[in-house]
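Each chain, written out:
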Amino acid sequence: MHEMSVAQQIARAVLRAAKREEAVKVARINIEIGQLTFLNPEQVIFWLAELFKGTEAEAAEISHKIVPARVRCGKCGYEGPLQVKEDPLFHQALPVFACPKCEKGSLDILEGRDCIVRDIEIETSPDGDCSCH
Amino acid sequence: MHKIVDLKDEESLLAHNRELAEKIHEQLAERGICSIDVMGAIGSGKTTILEKLVERLKNQYRIAVLAGDLTTTIDADRIGAHGVQTFQINTGKECHLDAHLISHAIEDIPADTNLLFIENVGNLVCPADFPLGTDKRVVVVSVTEGPYMVKKHPYIFGQAHVAVINKKDLADSMEVSIEDLTNDIHGINPETRVVVMTARDGEGIEELIGALEL
């Protein structure tokens, strides 16, 4: 539901980097979306495309990768993926916030809670030419 | 010329919120304030539960309540009528409170406060992504929301210390099983304390106070 706020922050980071690197065009944007965020990738990409209209990133190809959750148990020291449970009622696996090893609930989430732009591919001069004179 | 620019260390909105939340947690601890974030869907009974809690606890603690809503001061006024300090935070259009809003709001609460309740915006989705730095997170679900609310919102229940199942008196007419809801909560997080309440009548309030260790 807060895809637009997150997209705005990603767009700012992309355009700031494009300016800093003197890009004439942003060709590709790779974003990472954590499994545990409430962000719908399709909506994030939709808002990014809207925000990039009229900028050097207008024609960028936006791809995304889902970052799986990784947790650490405060009790037994387990580190790894979160346990999931299949339920035929739902079309997605349900996360279980209990340690897969000792079954206690004191988990720290190490990964899977963020939405970031990992990298971008830019063009720094028109027609792919180097600026060597 | 094509070039790949690595941006993975740029600031992340959600990570920034978590860092701010940690700062709030430290500030509140330094000031000796115990803090509780109350989340739940629209109409689940968050405000009624807070009214009962402050009425019961106001002689033991110096309480402040931050009430979050898109607009109006209805909730803050209702809780304030019980003689505790309340502050309305109107988010305008945002569907959740975030750590930035709270970092400013806690500047306003009286210096002698030792118990802070934060009533989040009615929503089971977004608040899960935006921790506020409180000691405990409570999520309220009422039987009138139907039998699937817990299963449909595993993230918010998975990260709650206490889950309240409210409006117990209506469970039979709603044909909703309290036992099933309890099992759903423990299926997501076996450590979450479940408290069954009929908040309007004050039923379950002592169990909730116990679960919150107040």
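In what follows, the structure referred to is the one given above.
Counting restarts for each chain, with residues numbered from 1 along the sequence as it is written. Chain labels run from A onward and ligand labels from 1 onward, assigned in the order the entries are written. Totals for whole chains, interfaces and linings use all residues, but because this is a predicted model, local features are given only for residues with pLDDT of at least 70 and pairs of side-chain atoms are given and counted only at 80 or more. The side-chain numbers reported here are obtained from all heavy atoms of the structure, hydrogens and water having been left aside.

> What am I meant to see in the overall build of chain B here?
Scanning chain B from N- to C-terminus turns up nine helices and eight strands. In terms of overall size, chain B behaves like a compact globule, its C-alpha atoms giving a radius of gyration of 18 Å where 214 residues would be expected to give roughly 17 Å. When the backbone C-alpha atoms are referred to their principal axes, chain B occupies close to 70 × 40 × 30 Å. The cut-offs for exposure are 20% and 50% of the maximum accessible area for each residue type, with area from a 1.4 Å probe on protein chains only; residues under the lower value are buried, those over the upper are exposed, and the others partly exposed. Out of the 214 residues belonging to chain B, those deemed buried represent 57%. Working rule for contacts: check all heavy atoms of both residues, and any pair within 4.5 Å makes them a contact. For chain B, the share of sequence-separated contacts (at least 6 apart) that also reach a separation of at least 24 residues comes to 72%. By element, 49% of the accessible surface of chain B is carried by carbon and sulfur atoms, the whole surface being about 9200 Å². Helix and strand definitions here come from DSSP, where helices need a minimum of 4 consecutive H or I residues and strands a minimum of 2 consecutive E residues; each element is numbered from the N-terminal end. Radius of gyration here is computed from C-alpha atoms only, and the compact-globule reference equals 2.2 Å multiplied by the residue count raised to the power 0.38. Using a 1.4 Å probe, accessible areas were evaluated by the Shrake-Rupley method; residue-level cover was limited to the displayed protein chains.

> How do you make sense of helix α1 (residues 13-30) of chain B when you look at a structure like this?
It helps to recall that an α-helix has 3.6 residues per turn; residues three or four apart then point in one direction. To estimate the expected span of a helix, subtract one from its residue number and multiply by 1.5 Å. An ideal rise of 1.5 Å per residue puts 26 Å on 18 residues; α1 of chain B measures up with 26 Å between its terminal C-alpha atoms. Three or more residues of α1 of chain B are buried, namely Leu14, Ala15, Asn17, Arg18, Leu20, Ala21, Ile24 and Leu28 of chain B. On its buried side, α1 of chain B packs onto β8 (115-123) of chain A together with β2 (34-40), α4 (99-108) and β5 (115-119) of chain B. Immediately beyond the C-terminal end of α1 of chain B, within one or two residues, lies glycine 32 of chain B, with a positive phi of roughly 70°.

> I tried to follow the packing of helix α1 (residues 3-20) of chain A against helix α2 (residues 41-52) of chain A on my own but got confused; where do I start?
In a pair of packed helices, the angle between the axes and the distance between the axes together describe the arrangement. Residues and elements named next belong to chain A. Here, axes are lines fitted to C-alpha atoms. For helices the fit covers the stretch in contact, and angles between N-to-C directions go from 0 to 180 degrees. Direction vectors running N to C along α1 and α2 enclose 50°, while the axes themselves pass 9 Å from each other. Accordingly, the angle class assigned to the pair α1 and α2 is oblique. Crossing of α1 against α2: the hand is right-handed. Residue-level inspection shows Glu3, Met4, Ala7, Gln8, Ile10, Ala11, Val14 and Leu15 of α1 in contact with α2, the latter providing Gln43, Val44, Trp47, Leu48, Leu51 and Phe52. Residue type decides the class: Asp, Glu, Lys and Arg count as charged, Ala, Val, Leu, Ile, Met, Phe, Trp, Tyr, Cys and Pro as nonpolar, and the leftover types, Gly among them, as polar. Its residues assigned to classes, the contact of α1 with α2 shows eleven nonpolar, two polar and one charged. Should an angle fall under 35 degrees it is taken as roughly parallel, and over 145 as roughly antiparallel, whereas 65 to 115 is taken as roughly perpendicular and any remaining angle as oblique. In this scheme the handedness of a crossing depends on how the near helix is turned from the far one: anticlockwise by less than a right angle means left-handed, clockwise means right-handed.

> Explain the sheet that holds strand β4 (residues 79-81) of chain A to me, please; I cannot follow it from the model alone.
Hydrogen bonds between backbone groups are what pair the strands of a sheet, and the pairing can be parallel or antiparallel. Residue and element names in this part refer to chain A. Spatial ordering of the open sheet is given by β4-β3-β7, a layout of three strands whose pairing is antiparallel. Each edge of the sheet is formed by a strand with only one pairing partner; in this case those strands are β4 and β7 (107-111). Pairs of neighbouring strands in the sheet enclose a mean axial angle of 35°, with direction left out of account. When DSSP finds two or more bridges between a pair of strands, those strands are recorded as paired.

> What should I look at first to understand the pattern of salt bridges in this one?
A side chain of one charge can pair with a side chain of the opposite charge if their charged atoms are brought near each other. Salt bridges, as used here, are contacts in which a Lys or Arg side-chain nitrogen is within 4 Å of a carboxyl oxygen on Asp or Glu. Within the structure shown, the criterion is met by 22 salt bridges over all chains. Between arginine 78 of chain B and glutamate 51 of chain B there is a salt bridge whose closest N-O contact spans 2.7 Å. Separated by 27 residues along the polypeptide, arginine 78 of chain B in helix α3 (residues 74-80) and glutamate 51 of chain B in helix α2 (residues 46-57) bring together distant segments of the chain. Classification of glutamate 51 of chain B by relative accessible area gives buried; the value is 16%. When salt bridges with common partners are traced through the structure, they connect Glu32, Lys65, Arg118 and Asp119 of chain A into a single cluster.

> Got a minute to help me understand the nonpolar core in this structure?
In globular proteins that are soluble, nonpolar side chains generally tend to be buried together. Here, nonpolar core refers to any group of buried Ala, Val, Leu, Ile, Met, Phe, Trp, Tyr and Cys residues whose side-chain atoms link them within 4.5 Å. Counting residues in hydrophobic clusters, the biggest one holds 35 residues, and the most contacted among them are Val139 and Phe157 of chain B. Secondary structure elements with two or more residues in this core: β3 (70-73) and β7 of chain A together with β6 (136-142), α5 (149-152), α6 (154-158), β7 (162-166) and α8 (178-188) of chain B. Here this core gets four residues from one element, more than from any other, and that element is α8 of chain B. When sequence neighbours within four positions are dropped, the list of residues in contact with phenylalanine 157 of chain B reads Leu124, Val139, Val141, Met149, Val150, Ala163, Ile185, Ile188, Asn189 and Thr192 of chain B. Val26, Ala57 and Ala60 of chain A together with Val5 of chain B belong to the second-largest nonpolar core, a separate cluster that totals 28 residues.

> What am I meant to see in the interface of chain B and chain A here?
By convention, interface size is frequently given as the accessible area that disappears when the constituent parts associate. Of the residues lining the interface, 36 residues belong to chain B; the matching set on chain A comes to 47 residues. For chain B, the biggest contributors to the area lost against chain A are Met1, Leu7 and Tyr155 of chain B; these three give 20% of the whole. Put simply, chain B and chain A have three salt bridges between them. A salt bridge links lysine 75 of chain A to glutamate 191 of chain B, with the shortest nitrogen-to-oxygen separation between them at 3.5 Å. N or O atoms closer than or at 3.5 Å make up a polar contact, with two conditions inside protein: a donor-capable atom paired with an acceptor-capable one, and, for residues adjacent in sequence, both atoms drawn from side chains. Summed over the shared surface of chain B and chain A, the number is 18 residue pairs in polar contact (both at pLDDT 80 or more). Elements with a contribution of two residues or more to the side of chain B that touches chain A: β1 (2-6), α1, α5, α6 and α8 of chain B. Ranked by residue count, the leading element in the side of chain B that touches chain A is β1 of chain B, at five residues. Broken down by class, the residue content of the side of chain B that touches chain A amounts to 17 nonpolar, eight polar and eleven charged. Sheet topology note: the β8 of chain A/β1 of chain B ladder contains five bridges and is antiparallel. Paired with glutamate 121 of chain A across the two strands is isoleucine 4 of chain B, which belongs to β1 of chain B. By buried area we mean how much accessible surface two parts lose on assembly, using a 1.4 Å probe and totalling the loss over both.

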